[in-house]
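# Inside the fold
Given next are the chains, with one letter for each unit.
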Amino acid sequence: MNASTRIVEFLKKRRVLTILSAIIVIAIAWSYNNNPVVTQAVLASALRHSTPIVLGALCGLICERSGIVNIGIEGQMLIAAFTSFLVSAFVGNLLLAVLVGILTGMIAGLLLAFMSVTLKVDQIIGGTVINILALGITGFFYQQGLAGGGKLPIIPLGPLADIPLLGRVLFTNPPITYSALILVFLVHFMLFHTRWGLRTRSVGEHPRAADTVGINVFLTRYINVIIAGGIGGLAGAFLSIESVGSFERAMTNGRGFVALAVMIFGKWTPLGAWGAGLLFGLTSAIQTQIQFGGITIPHQFVGMLPYIITIVVLAGFVGRSRPPAAEGVPYEKEG
Amino acid sequence: MAKENNVVLEVRNITKRFPGVLANDDIDLKLNRGEIHAILGENGAGKTTLMNVLYGLYQPDEGEIFIQGKKVAIHSPNDAINAGVGMVHQHFMLVPVFTVTENVMLGKEVLTPISTLDKGKVADEIRAISQQYQLSVDPDALIEELPVGVQQRVEIIKLLYRQASILILDEPTAVLTPQEADELFKIMHSLTGRGKSIIFITHKLKEVLKIADHVTVIRQGKVVGTTTPDKTNESQLASMMVGRDVLLNVKKGISKPGDVVLQVNNLRVVDSRAHTQVDGVSLDVHAGEILGIAGVQGNGQTELVEALTGLKQPVGGRITLLGEDVTKANPRRITELGTAHIPEDRQRDGLVLPYTVANNLVLNTYYRQPFSKGGVLRHDAILQMARKEIRDFDIRTPSASTIAGSLSGGNQQKVIVARELSRTVKLLIASQPTRGLDVGSIEYIHKRLIESRDAGAAVLLVSSELDEIMQLSDRIAVMFRGKIVDILDAKSTNRREVGLLMAGVAREKQAA
């Protein structure tokens, strides 16, 4: 099979995806032609909206691919946002703040792994515990009026940043936004082309089969849930020290759950989650634009737009997706 | 002395206790190089426990294992693999959404210099193994799209890829059609021909006599005896296995067919992918007779039964039950007309495994008096009835409130039989009723089928076990590629004729 027939095959198989992408690209081109400044602003804002969602979805899918349901993404993000902010406020070192955020997420991941792998607690309850715990702890220790140590700076990527439209949207961003883009492709590569990925997926699909060929199911799940927690923590750090520059009560505002939905719409694949996350980010950005545009529809309804459009488009076009077979089931060794 | 060197595996005094059960009681076993050693025993006799001990999934409480004369300690499947012991489990240990290559390499991956998976290299190795042992399989195929027989080959390749020299096959023929089983036996011979040794766990007597070099019979965790096929026969093995004399051939009187109960005219059924599975089937089943449907699994029997029981809408034709057109009737209507259904997959379609035995026994009657009143279940009435049926049908369960999923296969089947046959039955549809059951349970189910017939029910028996069809049926319909190729009188036909029809060889050609 030569390259061109391969491409045709791919486009045929992913017809919906192809059509959808074509529509979006044409719409962007048309809009850029009419109003370059607004288009650029909307797209840049779309990418920024999607960053925590995509990171959260990666966190969810690394857990779920190994068989652990993580509905505690929201809580992991929230508590990491809080600790990052504290470090930035009291120490003032933003890099350290990001690292502490990641570490916090990993500790929350360790807690989830301990509950669901070792204690075999129902995983929905385990995740809920983390959500409630995060809300409680951050709410209790939060002091109003605490000033943060600033926001992560925007780093233009040299000549790349000068490309029209793309340069401003893709290559003029703060560090966590870049790392989210890198992580999407890195996780995809790791999951489908490395030993870790093969073993992770086997543990999520058929843990007993993995066990019989000498793979440690418990250890694999621990490692995955902890790594995933780190990525969830990065999403939290994004919110407090890259996006806003301060902390507010419950500032995650449901993004952890949106991330979960985006992961499902993306069929548990990093690239799929990225696409779904971008779509959500785009509709969010357009929604903000509409509200600024002074349309007389009550803003609550406009605010629903991203959710409704994401659900309609993805539920309507993506089709059936299949979760990892052993998801949510604690593994019991024989004997 | 030369004989001693030939022993590749020796097990001495293995004892394994579970709470309340002595699963293995002082078991000794010797396996020679290049032989097939059958371990024969009923379900629950301790065969699988012994193999899990050998494979490192269980730790024995007492006893020693020697491999190639050296004492070994096997604490995990990894230890077993390193010692050259591999196992094909009864339920395959394959990831359905992975390719053959991915499954084979899992746990023993080959990496490229940049640490990515080297699937090409493993695929080449699989092709080499396939060729060497005549195990044809496509390395790039997805497991879930392969027939069971091929999946089993993948399991064997997995062991050979790990350089196992001792292969344990746990009930390998339970999921296979007779043709696939014959194919497997060829593969087993090709393996032993190249110096591999095989432990073959089974409860099927014919297979043991056909293929094993040695037979060890286990009953209630103890070795009853070891022998060779030329020194024994089916009934001797059966009584060693069960501990009493067993009727291998069902006693049945002459049938007295009455009126037509079920009439099927030109029935057409398609599957979920719109492929025609039942292609113009017509047949009659009379009261007081057993009509056997013979055929290799996957020739439309499943869809035929689904249409007859109302689980699937036919796309053409007509089904008449006791004079009523039930072509479009729902399962409850068909059940209420007096149909009993023993489904092919008892765990998926026959029982709600997490429910209690009692609740499973009322799945078809729970909505009626006395089991429910005004939409509320009467648990006392249900339990009372359950206790009676547990006695009447000899279901071995700790209590009526035990979870059905925890019973043995034979007892699960008895729960279904009790539920279906405790009413007045006009039509009994039994699909693969003895698949995976032990000799004792098979004898029991066969007796019940004959009893239903003699009580005047029309019995439709679907089975891919040719012996079962030959023994029980009064008439035999052979199904091939969705069509009934012929309906034969059981008294005037033989295994060979039915077998050839099952394989799609028409009668005229047989004569020629």
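Residues numbered from 1 in each chain as written. Chains lettered and ligands numbered in written order. Predicted model: local features only at pLDDT ≥ 70, side-chain atom pairs only at ≥ 80, totals over all residues.

## Digging into the overall build of chain B
- Scanning chain B for helices and strands turns up 19 helices and 22 strands.
- For 512 residues, the compact-globule formula gives about 24 Å, and the C-alpha radius of gyration of chain B, at 25 Å, lands near that figure.
- Seen through its principal axes, chain B has C-alpha atoms that stretch 70 × 55 × 50 Å.
- In chain B, which comprises 512 residues, the share counted as buried stands at 44%.
- A separation of at least 24 residues holds for 67% of the contacts in chain B among residues at least 6 apart in sequence. (Helix = DSSP H or I, 4+ residues; strand = E, 2+ residues; numbered from the N terminus. Rg over C-alpha atoms; globule rule 2.2 N^0.38 Å. Buried ≥ 20, exposed ≤ 12 C-beta atoms within 10 Å, placed from the backbone. Contact = placed C-beta atoms within 7 Å.)

## Comments concerning the overall build of chain A
- Helices and strands together make up the secondary structure of chain A, namely 14 helices and 2 strands.
- In terms of overall size, chain A behaves like a compact globule, its C-alpha atoms giving a radius of gyration of 20 Å where 335 residues would be expected to give roughly 20 Å.
- Structurally, chain A occupies a C-alpha span of about 70 × 60 × 40 Å along its principal axes.
- The buried share among the 335 residues of chain A stands at 47%.
- For chain A, long-range pairs separated by at least 24 residues make up 77% of all intrachain contacts whose partners lie at least 6 apart in sequence.

## Things to note about the pairing of strand β12 (residues 276-286) of chain B
- Bridge analysis of strand β11 (residues 260-270) of chain B against β12 of chain B gives 8 bridges, and the strand direction is antiparallel. Its bridge partner lying in β12 of chain B, Gln263 of chain B is registered against Asp284 of chain B. (Pairing = 2+ DSSP bridges.)

## Examining the interface of chain A and chain B
- Taken together, the contact between chain A and chain B spans 17 residues of the former and 20 residues of the latter.
- It is helix α10 (residues 207-212) of chain A that provides the largest number of residues to the side of chain A that touches chain B, a total of 5 residues.
- Partitioned by chemical class, the residues of the side of chain A that touches chain B number 5 nonpolar, 7 polar and 5 charged. (Nonpolar A, V, L, I, M, F, W, Y, C, P; charged D, E, K, R; others polar.)

## Section: the nonpolar core
- In this structure, Leu54, Ile168, Leu460 and Leu461 of chain B are the most contacted members of the largest nonpolar core, which totals 142 residues.
- Sequence-distant contacts of Leu460 of chain B, defined by excluding residues within four places in its chain, comprise Leu262, Val285, Leu291, Ile293 and Ile429 of chain B.
- Counting 80 residues, the second largest nonpolar core, distinct from the first, contains Ala237, Leu260, Trp268 and Leu282 of chain A. (Core = buried A, V, L, I, M, F, W, Y, C linked by C-beta atoms within 7 Å.)

## So, the domain arrangement of chain B
Residues and elements named next belong to chain B.
- The domain boundaries assigned to chain B delineate domain 1 (2-242), domain 2 (256-338 + 424-512) and domain 3 (348-423).
- The gap between the C-alpha centroids of domain 1 and domain 2 is 35 Å.
- Domain 1 puts 10 residues into the contact, and the matching count from domain 2 is 8 residues.
- Listing elements by their share of the side of domain 1 that touches domain 2, those giving two or more residues are α7 (178-193) and α9 (234-242).
- At 3 residues, α9 tops the list of elements feeding residues into the side of domain 1 that touches domain 2.
- Across the side of domain 1 that touches domain 2, the residue classes break down as 5 nonpolar, 4 polar and 1 charged. (Domains from an automatic or database assignment.)

## Here we look at the confidence of the model for chain B
- Of the residues in chain B, 97% reach a pLDDT of 70 or more, and the chain-wide mean stands at 89.
- Per the prediction output, this complex has pTM 0.80; the corresponding ipTM is 0.88. (pLDDT = per-residue confidence, 0-100.)

## Thoughts on the sheet that holds strand β15 (residues 324-325) of chain B
Residue and element names in this part refer to chain B.
- Spatially, the 4 strands line up as an open sheet ordered β12-β11-β14-β15, and their pairing is antiparallel. Where the open sheet ends on each side, the last strands, each with one partner, are β12 and β15.
- Contacts from helix α10 (residues 301-308) reach β11, β12 and β14 (316-321) within the one sheet, and its direction differs from that of β12 by about 60°. (Axes fitted to C-alpha atoms, helices over the stretch in contact; angles between N-to-C directions.)

## As for the sheet that holds strand β10 (residues 222-227) of chain B
Residue and element names in this part refer to chain B.
- Ordered in space as β6-β7-β8-β3-β9-β10, the 6 strands form an open sheet in which the pairing is mixed. Unpaired on one side and paired on the other, β6 (85-88) and β10 mark the two borders of the sheet. Averaged over all adjacent pairs, the angle separating strand axes in this sheet is 20°, with direction ignored.
- Judged from the 4 bridges that link them, β6 and strand β7 (residues 166-170) form a sheet pairing that is parallel. Across the sheet, Met87 pairs through a bridge with Ile168, a residue of β7.
- Packing of helix α6 (residues 148-161) onto the sheet brings it into contact with β6 and β7, and relative to β6 it is tilted by some 170°.
- Where α9 meets the sheet, its contacts fall on β3 (36-40), β9 (214-219) and β10, and the angle it forms with β9 comes to roughly 35°.

## Overview of the packing of helix α15 (residues 409-421) of chain B against helix α16 (residues 439-454) of chain B
Residue and element names in this part refer to chain B.
- In the contact formed by α15 and α16, the axes pass within 10 Å of each other and the chain directions differ by 10°. With respect to their mutual orientation, α15 and α16 come out roughly parallel. Taken as a pair, α15 and α16 cross one another with a handedness that is left-handed. Facing Gly410, Gln413, Val417 and Leu421 of α15, the residues of α16 in contact are Ser441, Ile445, Arg448 and Ser452. (Parallel < 35°, antiparallel > 145°, perpendicular 65-115°, else oblique. Left-handed = near helix turned anticlockwise from the far one by under 90°.)

## Section: unusual backbone geometry
All names here are of chain B.
- Looking along the chain, the bond that leaves Gln369 and enters Pro370 is cis, with omega of 0°.
- Structurally, Pro370 is set in the loop between α13 (357-361) and β17 (372-373).
- Residues other than glycine seldom take positive phi values, yet Ser115 does so here, at roughly 65°.
- Despite not being glycine, Gln432 has its phi angle at roughly 45°, a positive value.
- If you trace the backbone, Gln432 turns up in the loop between β19 (427-431) and α16.
- The exposure class of Gln432 is buried, given the 22 C-beta atoms found within 10 Å.

## A look at the pairing of strand β20 (residues 458-463) of chain B
Residue and element names in this part refer to chain B.
- Most of β20 sits inside the fold, with 6 of its 6 residues counted as buried.
- Along β20, one buried face is formed by Ala458, Leu460 and Val462 and the opposite face, lined by Val459, Leu461 and Ser463, is buried too.
- Bridge count for strand β13 (residues 290-294) against β20 is 5 bridges, and the pairing is parallel. Bridged to Ala294 within β20 is Ser463.
- Bridge analysis of β19 against β20 gives 5 bridges, and the strand direction is parallel. Following the sheet pairing, Ser431 is matched in β20 by Val462.
- Between the parallel elements β19 and β20, the chain passes through α16 in a crossover that is right-handed. (Right-handed = clockwise from strand over helix to strand, strands pointing away.)

## Things to note about helix α4 (residues 73-90) of chain A
- With 18 residues, α4 of chain A should reach 26 Å at 1.5 Å per residue; the first-to-last C-alpha distance of 26 Å fits that figure.
- Most of α4 of chain A sits out of view: 16 of its 18 residues are buried. (Expected span 1.5 Å × (residues − 1).)

## Let's talk about the environment of Arg448 of chain B
Residue and element names in this part refer to chain B.
- Tracing the backbone shows Arg448 in helix α16.
- Under the C-beta neighbour-count criterion, Arg448 is labelled buried, with 20 such atoms within 10 Å.
- In contact with Arg448, not counting residues within four places along its chain, are Val417 and Leu421.

## Observations regarding the environment of Gly56 of chain A
Residues and elements named next belong to chain A.
- Tracing the backbone through its elements, the reader meets Gly56 in helix α3 (residues 36-65).
- When the C-alpha atoms of Gly56 and Ala259 are compared, they prove to be 5.1 Å apart, with 203 residues separating the residues in sequence.
- In this view, Gly56 contacts Ile73, Met77, Gly232, Ala235, Arg255, Gly256 and Ala259; residues no more than four positions away in its chain are not counted.

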